[in-house]
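Here is how the chains run, residue by residue.
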Amino acid sequence: MSLFLTTMQDAVTTSDLAKEIAQINGDMGMLWMLIAGILVFMMQAGFTLVESGMTRSKNAVNIAMKNILDICVGSLTYWLVGYSLMYGDTSNGWFFWSGLMQGEGADLFFQTMFAATAATIVSGAIAGRTKYSTYIIFSIIMTAIIYPISGGWQWQGSGWLTNLGFIDFAGSSIVHSVGGWAALVAAFLVGPRIGKYVNGKVMPIPGHNQVLATLGVFILWFGWFGFNGGSQLAWGGADAVAASNVVLITNLAAAAGGLGALITTWLWYGKPNLAQTLNGALAGLVSITAGCGNMSAGGAVLAGLIGGIIVVFSIEFIEKKLKIDDAIGAASVHGVAGAWGTLVIGLWGIDGDTGIGLFNGGGASQLGVQAIGVLAYAAWAVVLSFIVLGVLKATIGLRVSKEVEIEGLDISEHGSIAYYR
């Protein structure tokens, strides 16, 4: 009888211990998501510095106003309808809804920061010539409708892309490509800045402060540790190991992306170019965002390196061949590099110790699924952006007057300037 009682007591003790561990892991997971969300919030500061530093000083206030708008609008619209459109109930895997004002706590906060990021990507591409009122409307629609609906296709858990086996751990396509393709459409419809193209020639319009842009990239790089690492959505035991590895993988890809662009510009231009190197580091980050949970360290370095090289050629192609004036290269950094980062999982991605890519024994099936996802997000963002921005262009207009553009948007749109003398 005593042996039986001892065994029962041991079982109860083990059960209690397991519950305590689960409770601690749950609390740590919530804390990790809150910290990660705060890091992602800081990315808005990074975007502000990058976009303002890479454009003219006479539009710096306008850039700052757009970025503060995105976090304000994104926080409210995503709480009101966006979370429900992304994580609500579904009967078909395409559209989701569970009512207004869904989500709570760390989860809602963390996901809200992603919505604001998707909207902010558009801001820099159309800098220097876009009406602030028009941007407000587009930012609302992006954070309330365009981003949340497509995000649910994979992240809700029962979406049609989830069921196909599509992988996008932290949003190379879901966040970055959606924002990047929207930026490309916006830049196309708004048209180039005055003086950008003269008699068919591309004229450089240098940013006013590359040091600010560099600080912005460092802040974005820092915030990305929360962006990708927090997407583990848990902490403790195996989740702690996985999240830590995601952060490491993210840093390796960013470093490789920066070097890829640096070396490419050194060989192509004859000197290493700072602006392109900064975009290369960001492209490296975007390139690993989808696969940071499904990539070896070596695979991450290669993905980031190629992303940094791709972004240089993409910026040149969009600017010189397509004649689309993307003021900071947002479409290339987020749209093109986002597509690459999603596809690379199908080339040398892993699932634990098992290769799932074309080049490491996994066959072509994962690459096919990844390609479907890339095309779906590109089509969704392009079509919806064309519709929304096309309607705005035909009604209230997208662009400020020639006189306002020459003077700068800071005075005309906001009544102040960034730098007083």
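As shown above, the structure is provided for reference.
Residues numbered from 1 in each chain as written. Predicted model: local features only at pLDDT ≥ 70, side-chain atom pairs only at ≥ 80, totals over all residues. Heavy atoms only, no water.

1. Some details on the overall build of the protein
The number of helices and strands found in the protein is 15 helices and four strands. On C-alpha atoms alone, the protein measures out to a radius of gyration of 22 Å, which is about the 22 Å that the 2.2 N^0.38 rule sets for 421 residues. For the protein, the C-alpha atoms occupy an extent of roughly 95 × 50 × 45 Å along the three principal directions. Burial status across the protein gives 54% buried among its 421 residues. In the protein, the share of contacts with a sequence separation of at least 24, taken over all contacts with a separation of at least 6, comes to 77%. Counting only carbon and sulfur atoms, one obtains 69% of the accessible surface of the protein, whose full area is about 17400 Å². Between the averaged position of the 17 positive side-chain charges in the protein and that of its 22 negative side-chain charges there is a distance of 23 Å. (Helix = DSSP H or I, 4+ residues; strand = E, 2+ residues; numbered from the N terminus. Rg over C-alpha atoms; globule rule 2.2 N^0.38 Å. Buried < 20%, exposed > 50% of the residue type's maximum accessible area, 1.4 Å probe, protein only. Contact = heavy atoms within 4.5 Å. Areas by Shrake-Rupley, 256 points an atom, 1.4 Å probe, with all protein chains shown as cover. Lys, Arg positive; Asp, Glu negative; His and termini not counted. Charge placed at Lys NZ, Arg CZ, Asp CG, Glu CD.)

2. Some details on the pattern of salt bridges
Evaluated as defined, the whole model comprises four salt bridges. Among the ionic pairs, Lys 196 bridges to Glu 319, the shortest N-O distance being 2.8 Å. One end of the pair, Lys 196, is in the loop between helix H6 (172-190) and strand E1 (197-198); the other, Glu 319, is in helix H10 (residues 297-321), with 123 residues separating them in the sequence. A relative accessible area of 3% means that Lys 196 is categorised as buried. With a closest N to O distance of 2.7 Å, Lys 320 and Glu 316 form a salt bridge. Here Lys 320 pairs with Glu 316, and both are found in helix H10, just four residues apart, close to one helical turn. Classification of Glu 316 by relative accessible area gives buried; the value is 13%. (Salt bridge = Lys/Arg side-chain N within 4 Å of Asp/Glu carboxyl O.)

3. Some thoughts on the nonpolar core
A general tendency of soluble globular proteins is for nonpolar side chains to be buried together. Ranked by internal contacts, the top residues of the largest apolar core, which has 109 residues, are Met 142, Tyr 147 and Trp 153. The residues touching Trp 153, leaving out its near neighbours within four places in the chain, are Gly 93, Trp 94, Phe 96, Gly 159, Trp 160, Leu 161, Thr 162, Ala 376, Tyr 377 and Trp 380. (Core = buried A, V, L, I, M, F, W, Y, C linked by side-chain atoms within 4.5 Å.)

4. Observations regarding the packing of helix H9 (residues 274-289) against H10
Relative placement of two packed helices is described by the angle separating their axes and the distance separating the axes. Between H9 and H10, whose axes approach to 7 Å, the crossing angle comes to 130°. In this view, H9 runs oblique relative to H10, as classed from their interaxial angle. You can see that H9 and H10 cross each other, and the crossing is right-handed. On the side of H9, the interface is formed by Gln 276, Asn 279, Gly 280, Ala 283, Gly 284, Ser 287 and Ile 288, while H10 contributes Ala 300, Ala 303, Gly 304, Gly 307, Gly 308, Val 311, Val 312, Ile 315 and Glu 316. Among the residues making up the contact of H9 with H10, the classes are represented as seven nonpolar, eight polar and one charged. (Axes fitted to C-alpha atoms, helices over the stretch in contact; angles between N-to-C directions. Parallel < 35°, antiparallel > 145°, perpendicular 65-115°, else oblique. Left-handed = near helix turned anticlockwise from the far one by under 90°. Nonpolar A, V, L, I, M, F, W, Y, C, P; charged D, E, K, R; others polar.)

5. Some remarks on unusual backbone geometry
Located in the positive-phi region is Met 101, a residue other than glycine, with phi close to 55°. With respect to the helices and strands, Met 101 occurs in the loop between helix H2 (60-87) and helix H3 (105-125). In the Ramachandran plot, Leu 233 falls in the positive-phi region, its phi being about 65° despite a non-glycine side chain. Assignment of secondary structure puts Leu 233 in the loop between helix H7 (210-229) and helix H8 (238-269). Using a relative accessible area of 42% as the deciding quantity, one classes Leu 233 as partly exposed.

6. With respect to the side chain of Thr 214
Turning to its location among the elements, Thr 214 is positioned in helix H7. Here Gln 210 takes part through its backbone oxygen, which lies 2.8 Å from a polar atom of the side chain of Thr 214. Not counting residues up to four positions away in its chain, the partners in contact with Thr 214 are Leu 274 and Leu 278. (Polar contact = N/O pair within 3.5 Å; in protein donor to acceptor, adjacent residues only side chain to side chain.)

7. Quick word on the packing of aromatic side chains
Under the counting rule described, the total for this entry stands at 18 aromatic pairs. On the numbers, 5.0 Å between centres and 35° between planes, the contact of Tyr 83 with Tyr 87 is tilted. In this pair, Tyr 83 and Tyr 87 both sit in helix H2, four residues apart, roughly one turn of the helix. The class of Tyr 83 is buried, set by a relative accessible area of 12%. Among the residues examined, Tyr 87 registers a relative accessible area of 21% and is labelled partly exposed. Ring plane angle 55° and centroid distance 4.9 Å describe the contact between Phe 110 and Phe 114, whose orientation is recorded as tilted. Of this pair, Phe 110 and Phe 114 both sit in helix H3, four residues apart, roughly one helical turn. Put simply, the rings of Trp 94, Trp 153, Trp 160, Phe 166, Tyr 377 and Trp 380 pair up and form one aromatic cluster. Just above the ring of Tyr 135 sits the side chain of Lys 66; from NZ or CZ to the centre is 5.3 Å. (Phe/Tyr/Trp six-rings, centres within 6.5 Å; stacked < 30°, edge-to-face > 60°. Lys NZ or Arg CZ within 6 Å of the ring centre and 35° of its normal.)

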